[in-house]
Structure formats: C-alpha cells, structure tokens
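Coordinates in review
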Amino acid sequence: MQSSNSLHTGMKKRAFSPLQKNLLALILGLFMHFPAWAGAEAPVFSLPADCVPGTSCWVVNFVDHDPGPGARDYRCGRLSYDTHKGTDIAIANDAVMQKGVDVLAAAPGRVLRVRDGVANSTKADLESATALRGRECGNGLIIDHGDDWSTQYCHMKAGSIRVQPGERVERGAVLGRIGRSGRSEFPHIHLAVRQGTRIIDPFTGESNISACAAGAAPAGLWAAEIHDALAYPGPQPFHLGFATEAPNKADIEAGRLSETRFAAQVPALVFWSEIFSLEKGDRITLTLTAPDGKPVAHNRVTIDRPLAKWHGFAGRKKRGAAWDSGTYTGHVMIERGAVRVGKSTVAVVE
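Now for a description of the structure that goes with this document. (Residues numbered from 1 in each chain as written. Predicted model: local features only at pLDDT ≥ 70, side-chain atom pairs only at ≥ 80, totals over all residues. Heavy atoms only, no water.)

Remarks on the state of the cysteines
In the structure shown here, the tally under the stated rule is three disulfides. Residue Cys76 pairs covalently with Cys212 via a disulfide, S to S 2.1 Å. As the torsion about the S-S bond is roughly 105°, the Cys76-Cys212 disulfide counts as right-handed. Linking Cys76 in the loop between β1 (58–61) and β2 (87–90) with Cys212 in the loop between β10 (198–200) and α5 (224–227), this pair joins segments that are 136 residues apart in sequence. Among the residues examined, Cys212 registers a relative accessible area of 28% and is labelled partly exposed. Each bonded cysteine of the chain is numbered by sequence order, and under that numbering the disulfide pairs are 1-2, 3-6, 4-5. (Disulfide = S-S within 2.5 Å. Helix = DSSP H or I, 4+ residues; strand = E, 2+ residues; numbered from the N terminus. Buried < 20%, exposed > 50% of the residue type's maximum accessible area, 1.4 Å probe, protein only.)

This is how it looks when you write it as structure tokens:
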C-alpha cells in the first residue's frame, strides 16, 4: 500500500482562495450529512423477536451516541450505556425465557457466522473482568443482507439456534430463542446493525454516533408497520406481583412470584413492581390498597441515576388474627415532569 506522501509525488501544491475554501467546506459538510447508506439501498428491518412491543417485550437500551465516556441515545436521553452498539429488546423474566420467545430474522439474507453452546451468565461471570472476554455476545449469529449490510443477534438461549453458516433466511425466519448468555443481566435480544464496520442506529439510519436530536423521531430503518410500536419509551412498568415477605430480586427476575391468591393468615402482604427505562429524577409511588379502598402500605422513591431496570415494593405485616378477605390492589405510578404512567394488578385474600 502506498504512503500518503508517495501518492502526492510530483503534484504541485495548489493554493485555494477564501471563496474556494468556503465552497469546499460546504460540499464536504453536505457529504458528511448524507445517510451512511447513501449510494446503496438500505434494508428495512422488522422486529427481531416474536413479541408485542410494550406488552410482552420492551426496548430498554439504544445505540450510544456519546463519543466520550458518557452515554446518550438518539433522542439525547440516557437509555443507553457507554459504547453500546445495538438495540436491546427485553422480555419479562427467566420464566418467560424458559417457555421460549423466538428470535426472528429482521431482514432477508445469508447466515455468515454462528456461535452456540454458551451457558447463561452467572452473577460471578458478570462481575468478573475476564470470564466473558471474547464471549460478550454469548450465543449469536451474523446475517449478511448484501451491499455490505449485516445484522448481529446476541445473548440467545444455549442450544436454540436453528440456522447454519451459508444458509439463506427470509424475513421473519426463526433463528433461535431469546436468552441471557454472554454479558447480559436479563433475558433480551441485542440487535446490532452495520454497514461494513460502521455501526448504524436503526432508529435514525445514521452512523454518526456524535449526533442526537431531542425532537421528533426520524423515520429510521424500521418497517412502517412497527415504527409506531417502537416509539421512544417513557418509563415502562412491565412486571407486577405479590408476595408474603420482602421479595427477593432473584425470585422476581426468575418469574417465581406469580401467586395471586393468598390465605387470610399469611404473615405479610407485599406488592412489588419492576420498571424499565427510568431516568434520574423519576418519582415512583407503590401503593397497596385493601378491599375497602383504604391504603395498606405505600412506598415513594426518587431515582438518582438512569436505570435500564429497577424493582421495588410496598407491604405490611399482618395485624390481628387474619387479613380481611377480598381483593387487594397493587398500583405503581411513575412521574416524570408532567408525565404520569401507572399500572395496577390485584390479588385475592380468602
């Protein structure tokens, strides 16, 4: 390969006038703002999972648009983390993961590479600096879509991948199932879009990670039928339930706390909630209400930093011989400025 000096050998240095310099800067500026896919038709991407956004799955992390040590998403929010190169779509818990949620090809193409057989990550794996080195993606695969476009799918369930390198897949083809292998704290699919070596944010269609815009969302590369469903999220209460003692985080995340009917003699009644996509300053109120409409317990929390996922609870020990029979209501309310997002669920004491 020639050096830059040899490429210019024998060329006479040319001086540009101020007007020529301004014109050159304008032309270069326009070129730099072309979409990353200018000159090649960009793929259109479908949802990479067999789920319903906002109901059975949730977008929880976006591509990081901060070129420095911080993190910001394409809307200049904090729903990302430093150097994150894809879009994370999460499911509720490990119980849902074990039942199986299919990962789907977001666009037609040919499978390039596959890795399978990586176990779900343990807490020790995630806390280690070396345990997951080279296997951060866990089980996953890469699909070539032509014109130098590709997608990468990460954190899939061990033994679930159904495709092989060289295989042609159509849009919506089942590739495997969502898991939490590799560097993954909860079950989700990580979708990374690339053109060549450049990371492309599918929400903008651009590779310029230093740019973000707080206004209306651009068209991006998502198919029209799911564009609205993937609108930028507010706080997302997604998993609510009850327990008879302070709930263990591991039990919540495993999906083990699914009971909704309790004996009147249980020692305590506790309402809990998990929430995605919280920002610093969000105010959360958890309330447990008795059958007569009177409050049993409440808990108020102000979030002190951006969080992809949070859980909290409100409850009370039994007073007297037994709980009153009837329907108890758990309600969570999240306030962000003038925005209020709430969700409720019920349990029966008999």
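Right, picking up where we left off after that structure.
Some remarks on the packing of aromatic side chains
Counted by the stated rule, this structure contains 12 aromatic pairs. Measuring from centroid to centroid gives 5.2 Å for Trp58 and Phe238, while their planes differ by 55°, and the two rings are tilted. Remark: Phe238 occurs in strand β11 (residues 236–243) and Trp58 occurs in strand β1; sequence separation between them is 180 residues. Residue classification places Phe238 among the buried positions, given a relative accessible area of 6%. Taken together, a centroid distance of 5.8 Å and an interplanar angle of 45° make the contact between Phe186 and Phe276 tilted. Of this pair, Phe186 sits in the loop between β8 (174–177) and β9 (188–195) while Phe276 is found in strand β13 (residues 268–278), placing the two residues 90 residues apart along the sequence. (Phe/Tyr/Trp six-rings, centres within 6.5 Å; stacked < 30°, edge-to-face > 60°.)

Considering the pattern of salt bridges
Within this structure, the stated rule accounts for 12 salt bridges. Here Arg177 ties to Asp102 by a salt bridge, and the two come within 3.4 Å at their closest N and O atoms. Placement of Arg177 in strand β8 and of Asp102 in strand β3 (residues 102–104) is noted, with a sequence separation of 75 residues between them. The buried category is assigned to Asp102, whose relative accessible area is 15%. Between Lys249 and Glu253 there is a salt bridge, and its shortest N-O distance comes to 4.0 Å. With Lys249 and Glu253 both in helix α6 (residues 249–254) and four residues apart, this pair spans about one turn of that helix. Given the relative accessible area of 45%, Lys249 is considered partly exposed. (Salt bridge = Lys/Arg side-chain N within 4 Å of Asp/Glu carboxyl O.)

What to know about the sheet that holds β11
What the three strands build is an open sheet, ordered β11-β13-β16; its pairing is antiparallel. Both edges of this open sheet fall to β11 and β16 (307–317), since each of them pairs with a single strand only. Recorded for the sheet is a direction-independent mean angle of 15° between the axes of neighbouring strands. Relative to β13, β11 runs antiparallel, the two being bridged by seven bridges. Bridging across to β13, Ala243 finds its partner in Val270. (Pairing = 2+ DSSP bridges. Axes fitted to C-alpha atoms, helices over the stretch in contact; angles between N-to-C directions.)

Here we look at the environment of Val52
Within the secondary structure layout, Val52 lies in the loop between α2 (18–32) and β1. Of the residues examined, Val52 reaches a relative accessible area of 47% and is grouped as partly exposed. Spatially, the C-alpha atom of Val52 lies 8.3 Å from that of Ala229, the residues being 177 residues apart in sequence.

Take it as geometry only, folks, not as evidence of what the structure does.
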